[in-house]
Amino acid sequence: MTVLVTGGAGYIGSHTVLALAEAGEDVVVIDDLSTGFSAYLPEGVPLFIGDAGDENLLEGVIAQHNIESIIHFAGSVVVPDSMRDPLGYYRNNFTTARNLLNVAVKRGIGRFIFSSTAAVYGNPDQVPVPEHAPTRPLSPYGSSKLMTEIMLHDVAAAYGMQYVTLRYFNVAGADPQARIGLATVGATHLLKIAVEAATGQRAKIDVFGTDYPTPDGSCIRDFIHVTDLSQAHRSALAYLRNGGASTTLNCGYGRGYSVLETIDAVRRVSGRSFAVQYAPRRPGDIMTMVADTSRIRGLLDWKPQYDDLETIAAHALAWEDKLFHERHGELRHAASA
Ligand SMILES: NC(=O)c1ccc[n+]([C@@H]2O[C@H](COP(=O)([O-])OP(=O)(O)OC[C@H]3O[C@@H](n4cnc5c(N)ncnc54)[C@H](O)[C@@H]3O)[C@@H](O)[C@H]2O)c1
Ligand SMILES: O=c1ccn([C@@H]2O[C@H](COP(=O)(O)OP(=O)(O)O[C@H]3O[C@H](CO)[C@H](O)[C@H](O)[C@H]3O)[C@@H](O)[C@H]2O)c(=O)[nH]1
């Protein structure tokens, strides 16, 4: 009984593969390494380098391994890029999932966990946002995820598949032992930028908008530690194996922190000062995005362990320090070669 993880060499995928491997699960990964890193997979986890929508590759992997469940992370994740290249995003997020589901149905793989996003809600009418809130994505990225959610629902209804769609809120932090973390060059996530500033890799951090009608004028987000999120995938898998009905679940802690509070947390845990510059609002930003978490807490046996902004910031910082020294060392090495 093996779990196929697509995009398992990426940020969230690699933390989930680690959690599964540590729990003794057999895992195989398909990843095209477009933004992932093979080095972040635990020893012994087979990696098939290729497209998760390549049906021949999928058939080959399934023929070699006894796949019982699929966790589908592979996709393109940068909202502004999706505005510039909508067709690329619909292909890599929607068409890839369509091909993967086609093979899953043909091969009778009956359990599917899908990485979706809070971006499907667009600007919410109510906060915290429940899963039944209207879905009005503001970007091709959000639309491509919502279309995949709808397709998965229809496929499950037609072929008797069980699925859990997980709508992640703002994923942050790194493995508490700093074995893996977010390594994408040019990542745009707030906490990543803040720890890059704290490690001296950036001269400053911009705060996009300080005139929102929030207590300190900056946007508010619900940050979830990537290790807690990886455990939510394990819990979702256990839920499906126990016969749980298909469902869609918000993944957050249900608590919001402002952009300024988040930057302050990085300053506190790092003990380092860096420049913070107030900048205009970033187009397309949602003001406040906080999850209603009652459904995930009620349905899954999931107990978050790192629901604390300073802990998330500290883990992100420890990983960034390690990454910076590794990359810096590599550069020195290359320069002297
Ligand atoms: N990071 C977040 O805050 C966030 C929030 C909501 C949802 N998500 C979703 O979670 C998933 C993982 O995101 P992440 O932050 O780990 O990003 P990531 O870029 O680190 O991971 C994506 C992985 O998928 C691989 N990949 C991309 N397209 C592929 C393809 N066609 N075939 C095979 N491999 C492919 C990449 O090489 C990478 O390893 C994505 O589906 C993303 O939309 C992420
Ligand atoms: O240098 C920065 C970077 C970000 N921000 C602000 O910080 C907040 C969070 O921004 P991120 O880019 O870190 O995250 P988003 O909330 O825009 O989006 C993230 O969370 C979404 C769900 O809410 C989607 O899942 C999406 O894929 C994922 O990138 C926003 O108000 C943004 O304007 C800054 O002020 N300065």
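Nothing here was measured: the structure is a model prediction, and the numbers come from that model.

J.: I keep staring at the overall build of the chain and nothing clicks. Help me out?
T.: Helices and strands together make up the secondary structure of the chain, namely 10 helices and 14 strands. Taking 2.2 N^0.38 as the reference for a compact globule, 337 residues should give roughly 20 Å; the C-alpha atoms of the chain span a radius of gyration of 20 Å, in line with that estimate. On the principal axes, the C-alpha backbone points of the chain span a range of 55 × 55 × 40 Å. Classification of the 337 residues of the chain by burial places 55% in the buried group. Accessible surface computed for the chain: about 14,500 Å², of which carbon and sulfur atoms make up 52%. A distance of 1 Å separates the average location of the 28 positive side-chain charges in the chain from that of its 36 negative side-chain charges.

J.: Honestly, the site of ligand 2 in this entry has me stumped. Any pointers?
T.: Taken together, 18 residues surround ligand 2, and among them Thr-117, Leu-190, Asp-206, Arg-221 and Asp-285 come closest. Phe-208 is positioned with one of its backbone polar atoms (N or O) 2.8 Å from an oxygen atom of ligand 2. Secondary structure elements with two or more residues in the shell around ligand 2: α6 (190–198) and β8 (204–208). The dominant element in the shell around ligand 2, judged by the number of residues it contributes, is β8, at three residues.

J.: Mind showing me how you'd approach the confidence of the model for the chain here?
T.: Keep in mind that low pLDDT regions are not for reading the predicted coordinates in detail. Averaged over the chain, the pLDDT score is 95; the fraction of residues at 70 or greater is 98%. The model gives residues 331–337 a pLDDT under 50, and that stretch makes zero contacts with residues more than four places away or in other chains.

J.: Help me understand the nonpolar core in this model?
T.: In globular proteins that are soluble, nonpolar side chains generally tend to be buried together. Grouped together as the largest cluster of nonpolar side chains are 58 residues, with contacts concentrated most on Val-5, Ile-12, Ile-113, Val-164, Tyr-168, Val-171 and Val-266. In this structure, Tyr-168 is in contact with Ile-12, Phe-73, Ser-115, Ser-116, Thr-117, Ala-118, Leu-229, His-233 and Cys-251, ignoring residues within four places of it in sequence. By size, the runner-up hydrophobic cluster in this structure holds 26 residues, among which are Ala-52, Leu-58, Ala-97 and Ile-109.

J.: What am I meant to see in the site of ligand 1 here?
T.: For ligand 1, the set of nearby residues contains 28 residues, the closest of which are Asp-31, Thr-35, Asn-92, Tyr-141 and Lys-145. Note that an oxygen atom of ligand 1 is positioned 2.5 Å from one of the side-chain N or O atoms of Asp-31. With respect to ligand 1, the side chain of His-189 contributes an N or O atom lying 3.5 Å from a nitrogen atom. At the level of elements, α1 (11–22), β5 (111–117) and α5 (140–159) are the ones that each hand at least two residues to the shell around ligand 1. The dominant element in the shell around ligand 1, judged by the number of residues it contributes, is β5, at three residues. Grouping the amino acids of the shell around ligand 1 by side-chain chemistry returns 12 nonpolar, 12 polar and four charged.

J.: Where do I start with the side chain of Thr-165 in this structure?
T.: Mapped onto the elements of the fold, Thr-165 is located in strand β6 (residues 162–168). Beyond its immediate chain neighbours, meaning those up to four positions away, Thr-165 contacts Phe-114, Ser-116, Glu-149, Leu-152, Thr-247, Thr-248 and Leu-249.

J.: Would you mind showing me how to read unusual backbone geometry here?
T.: For residues besides glycine, phi is generally negative; the peptide bonds are generally trans as well. For the peptide bond that leads from Val-127 to Pro-128, omega is -5°, which places it in the cis range. Mapping Pro-128 onto the fold places it in the loop between β5 and α5.

J.: Could you clarify how one ought to interpret the sheet that holds strand β12 (residues 257–258) in this entry?
T.: Sheet strands associate in pairs through backbone hydrogen bonding, adopting either a parallel or an antiparallel arrangement. Judged by pairing direction, the sheet is mixed, and its three strands sit side by side in the order β12-β9-β14 without closing on themselves. Taken across any chain shown, the strands that pair with only one partner, and hence form the sheet edges, are β12 and β14 (288–289). Pairing analysis gives two bridges linking strand β9 (residues 220–221) to β14, with the strands arranged parallel. Within the sheet, the bridge partner assigned to Ile-220 lies in β14 and is Thr-288.

J.: Explanation requested: the pairing of β6 in the structure shown.
T.: Every other side chain in a regular strand lies on the same face of the sheet, so the side chains alternate between the two faces. In terms of burial, β6 is largely enclosed, as seven of its seven residues are buried. A two-sided burial pattern is seen for β6, the buried positions comprising Gln-162, Val-164, Leu-166 and Tyr-168 on one face and Tyr-163, Thr-165 and Arg-167 on the other. Where β5 and β6 come together, seven bridges link them in parallel fashion. For Ser-116, the partnering residue across the bridge sits in β6 and is Arg-167.

J.: How should the sheet that holds strand β1 (residues 2–6) be read in this particular structure?
T.: Strand order in the open sheet made by the seven strands is β3-β2-β1-β4-β5-β6-β11, with parallel pairing throughout. The sheet terminates laterally at β3 (47–49) and β11 (247–251), the two strands that pair on one side only. Going from strand to strand, the sheet's axes swing by 20° on average, the running direction of each strand aside. Of the pairings in the sheet, the one linking β6 to β11 comprises five bridges and is parallel in character.

J.: Is there a simple way to explain the UniProt feature "domain: NAD-dependent epimerase/dehydratase" (unreviewed entry) in the chain in this structure?
T.: Residues annotated by UniProt as "domain: NAD-dependent epimerase/dehydratase" (unreviewed entry) correspond here to residues 3–252. The span residues 3–252 is 38% helical and 20% strand by assignment, and the distance between its end C-alpha atoms comes to 24 Å.

J.: Quick question: what am I supposed to make of helix α8 (residues 259–270) here?
T.: Each full turn of the α-helix corresponds to 3.6 residues, which orients residues three or four apart in the same direction. End to end, α8 covers 17 Å across 12 residues, agreeing with the expected 16 Å (1.5 Å per residue, within 8%). The set of residues buried in α8 consists of Val-259, Leu-260, Thr-262, Ile-263, Ala-265, Val-266 and Ser-270. Gly-271 sits one or two residues past α8 and shows a positive phi near 65°.

Rules used throughout
- Residues numbered from 1 in each chain as written.
- Chains lettered and ligands numbered in written order.
- Predicted model: local features only at pLDDT ≥ 70, side-chain atom pairs only at ≥ 80, totals over all residues.
- Heavy atoms only, no water.
- Helix = DSSP H or I, 4+ residues; strand = E, 2+ residues; numbered from the N terminus.
- Rg over C-alpha atoms; globule rule 2.2 N^0.38 Å.
- Buried < 20%, exposed > 50% of the residue type's maximum accessible area, 1.4 Å probe, protein only.
- Areas by Shrake-Rupley, 256 points an atom, 1.4 Å probe, with all protein chains shown as cover.
- Lys, Arg positive; Asp, Glu negative; His and termini not counted.
- Charge placed at Lys NZ, Arg CZ, Asp CG, Glu CD.
- Near = heavy atom within 4 Å.
- Polar contact = N/O pair within 3.5 Å; in protein donor to acceptor, adjacent residues only side chain to side chain.
- pLDDT = per-residue confidence, 0-100.
- Contact = heavy atoms within 4.5 Å.
- Core = buried A, V, L, I, M, F, W, Y, C linked by side-chain atoms within 4.5 Å.
- Nonpolar A, V, L, I, M, F, W, Y, C, P; charged D, E, K, R; others polar.
- Pairing = 2+ DSSP bridges.
- Axes fitted to C-alpha atoms, helices over the stretch in contact; angles between N-to-C directions.
- UniProt positions renumbered as here; feature names shortened; annotations may be inferred.
- Expected span 1.5 Å × (residues − 1).

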